[in-house]
Amino acid sequence: MTDVPQHAFDDAAQVLQCALSGDTAAVADTFDAVVDRDGVVGAWDVAWCLAATMVGQFPPGGAWTLEFPGIDDARYDKRWVARFVSAYVNGDFPTGEALFGAAIADGTLPDCLLALAGSTVATLRHRAA
């Protein structure tokens, strides 16, 4: 849905490998290394790759509505993931950017990125079952 550099795909694969093994510290370390190297834009690129992995293939065109039962009662990071994935599916870059900005301002971006990695892994495991 957007052009991202190849290293973002490699970083996303590393995040997923760490998350699949349950190593949340390594997930956080990978995101920290991305931010050190590429700034917040790098974290955005990796997050966009994770959202793409979570969503998988879907028919192009039209507006999409995703259902997230109980989302209004969920923790901030889980609501952030739901909204970020919705922004991805709809190609809504301004909303995705606003979510990143809000999470940075709130000091919650690391938690949100960890939740995104965890949700992506949960989705992959669900598909494999």
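Structure first, text after, so check above.
Calculation rules
- Residues numbered from 1 in each chain as written.
- Predicted model: local features only at pLDDT ≥ 70, side-chain atom pairs only at ≥ 80, totals over all residues.
- Heavy atoms only, no water.
- Helix = DSSP H or I, 4+ residues; strand = E, 2+ residues; numbered from the N terminus.
- Rg over C-alpha atoms; globule rule 2.2 N^0.38 Å.
- Buried < 20%, exposed > 50% of the residue type's maximum accessible area, 1.4 Å probe, protein only.
- Contact = heavy atoms within 4.5 Å.
- Areas by Shrake-Rupley, 256 points an atom, 1.4 Å probe, with all protein chains shown as cover.
- Phe/Tyr/Trp six-rings, centres within 6.5 Å; stacked < 30°, edge-to-face > 60°.

**Some points on the overall build of the chain**
Turning to step 1, where the next piece is worked out: Along its length, the chain carries five helices and zero strands.
Turning to step 2, where the next piece is worked out: Ordered by position from N to C terminus, the α and β elements of the chain give α-α-α-α-α.
Turning to step 3, where the next piece is worked out: Here the chain has a C-alpha radius of gyration of 14 Å; the compact-globule value for 129 residues is 14 Å, and the two agree.
Turning to step 4, where the next piece is worked out: Its C-alpha atoms give the chain principal-axis dimensions of about 35 × 35 × 30 Å.
Turning to step 5, where the next piece is worked out: The burial tally for the chain puts 36% of its 129 residues in the buried class.
Turning to step 6, where the next piece is worked out: In the chain, of all internal contacts separated by at least 6 residues, the share reaching a separation of at least 24 is 72%.
Turning to step 7, where the next piece is worked out: Carbon and sulfur atoms make up 56% of the accessible area of the chain, which amounts to about 7,100 Å² in all.

**Regarding the packing of aromatic side chains**
Turning to step 1, where the next piece is worked out: Per the counting criterion, the structure on display carries nine aromatic pairs.
Turning to step 2, where the next piece is worked out: Centroid distance Trp44 to Phe100: 5.5 Å. Interplanar angle 70 degrees. Geometry classified as edge-to-face. Within this pair, whereas Trp44 is found in helix H2 (residues 24-55), its partner Phe100 is found in helix H4 (residues 93-106), the two being separated by 56 residues in sequence.
Turning to step 3, where the next piece is worked out: On the basis of relative accessibility, which here comes to 12%, the residue Trp44 falls in the buried class.
Turning to step 4, where the next piece is worked out: Cluster of aromatic residues (ring-pair linked, three or more members): Trp44, Trp48, Trp80, Phe84, Tyr88, Phe93 and Phe100.

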